[in-house]
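Okay, here's what each chain looks like letter by letter:
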Amino acid sequence: MQKIINTHCHIYPNKIASKAVESIGQFYDLPMALDGTVEGLVKDGEKIGTVHYLVHSVATAPKQVKSINEFIFGEIKDRPDLFTGFGTLHPNSDDIEGDVDYLFNLGLKGIKLHPDFQQFALNEKKSFKIAEVADKYNLPMLIYCGDYRYNYSNPNELKELLESFPNLIIIGAHFAGWSVWEEATKELAGKYENLYVDLSSSLYGISSETANELIHAYGVDKVLFGTDFPMWDSVSEMEYFNKIKLNSEEKNKILYENAAKLLNLI
């Protein structure tokens with residue numbers, strides 16, 4: 001069976017998972033497929049042969065940063081073979097470097113940001129401060145990108161961050177441009193060596209032909225599989241993925257090899 005790494009998984013403590021999932025669904029006006037719990041994630045992933053998960057969450061206020069990062073650490077510490085964790089930051093924190101140092105020493109392997117939830121632009125001073133510290137610690141950043149409703153994380157904002165920190169690996173979620181997929185590809189694809197993309201929360205909204213074009217525009221070596229748990233279930237996401245005309249080597253790179261190398265699993 002094809003090994004799969006799911007690189008885009010939001011997880012929440014059981015006691016707040018339902019509320020968090022409801023909030024996400026309301027923000028995007030989209031139905032949510034799953035429950036947001038760790039148990040739900042693993043149960044869903046087993047259906048398609050997922051062998052590893054990149055898990056994370058997002059702080060909507062500075063006071064949440066420490067507790068969220070400790071929660072992510074708590075989930076990965078006993079199952080490092082199954083989970084890699086990225087920590088959260090908040091741009092309004094008074095001590096970004098201290099927050100990064102703490103998550104780094106916990107053993108979290110990167111940083112997850114959601115500019116549209118957290119209401120800051122990728123090309124403003126707050127973002128540059130976070131990127132500067134992430135670069136210092138050699139921590140990749142997974143960034144939610146793109147939204148036709150806002151101007152926080154669209155291609156023009158992301159470009160400035162990529163250009164200012166050329167050695168910092170940035171994973172642009174949702175083909176680096178949710179809801180503005182083709183615009184993002186035109187602006188970004190093939191121009192930044194430090195840019196990876198995941199295809200989460202995208203395949204439902206574009207044709208398999210367009211997905212194929214986007215994958216090859218960014219480069220098969222730079223594309224990662226992800227389901228945006230709990231947004232979509234793994235079975236339906238794999239059904240979308242398998243409609244894309246890719247050869248077996250390309251599929252293996254996107255589903256497993258690229259992420260395994262990026263996360264230092266092989």
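Quick look at the structure, then.

Definitions and cut-offs
- Residues numbered from 1 in each chain as written.
- Predicted model: local features only at pLDDT ≥ 70, side-chain atom pairs only at ≥ 80, totals over all residues.
- Heavy atoms only, no water.
- Helix = DSSP H or I, 4+ residues; strand = E, 2+ residues; numbered from the N terminus.
- Buried < 20%, exposed > 50% of the residue type's maximum accessible area, 1.4 Å probe, protein only.
- Contact = heavy atoms within 4.5 Å.
- Phe/Tyr/Trp six-rings, centres within 6.5 Å; stacked < 30°, edge-to-face > 60°.
- Lys NZ or Arg CZ within 6 Å of the ring centre and 35° of its normal.
- Pairing = 2+ DSSP bridges.
- Axes fitted to C-alpha atoms, helices over the stretch in contact; angles between N-to-C directions.

### Focus: the environment of Ala134
Along the chain, Ala134 turns up in helix α6 (residues 125-137). On the accessibility criterion, Ala134 (0% relative accessible area) is buried. For the pair formed by Ala134 and Asp44, sequence separation is 90 residues and the distance between their alpha carbons is 32 Å. Beyond its immediate sequence surroundings of up to four residues, Ala134 is in contact with Ile111, Leu139, Met141 and Leu168.

### Things to note about the packing of aromatic side chains
Scanning all chains against the criterion turns up 15 aromatic pairs. Pairing Phe104 with Tyr137 gives two aromatic rings, centres 5.2 Å apart and planes at 65°, and the pair type is edge-to-face. Highlighted residues: Phe104 in helix α4 (residues 96-106) and Tyr137 in helix α6, separated in sequence by 33 residues. You can call Tyr137 buried: its relative accessible area is 17%. Judged by centre distance (6.4 Å) and plane angle (15°), the ring pair of Phe175 and Tyr218 falls under stacked. Note that Phe175 is positioned in the loop between β7 (170-172) and α8 (181-188) and Tyr218 in helix α9 (residues 208-218), a separation of 43 residues in sequence. The exposure classification of Phe175 matches that of Tyr218, with both residues buried. Taken together, the ring pairs connect Phe27, Tyr28, Phe117, Tyr144, Tyr148, Tyr150, Tyr152 and Trp178 into an aromatic cluster. Taking the ring centre of Phe27 as reference, the NZ or CZ of Arg149 above it sits at 5.0 Å.

### Overview of the sheet that holds strand β1 (residues 4-10)
One open sheet accounts for three strands, arranged β1-β2-β3; its pairing is parallel. In the strand order of this sheet, the two ends are held by β1 and β3 (83-85), each with one partner. In this sheet, neighbouring strand axes are inclined to one another by 25° on average, regardless of whether the strands run parallel or antiparallel. In the sheet, strand β2 (residues 50-56) pairs with β3 via three bridges, with the strands oriented parallel. Bridge pairing links Tyr53 to Phe83 in β3. Packed on one face of the sheet, helix α11 (residues 248-262) meets β1 and β2 and runs near 75° to β1.

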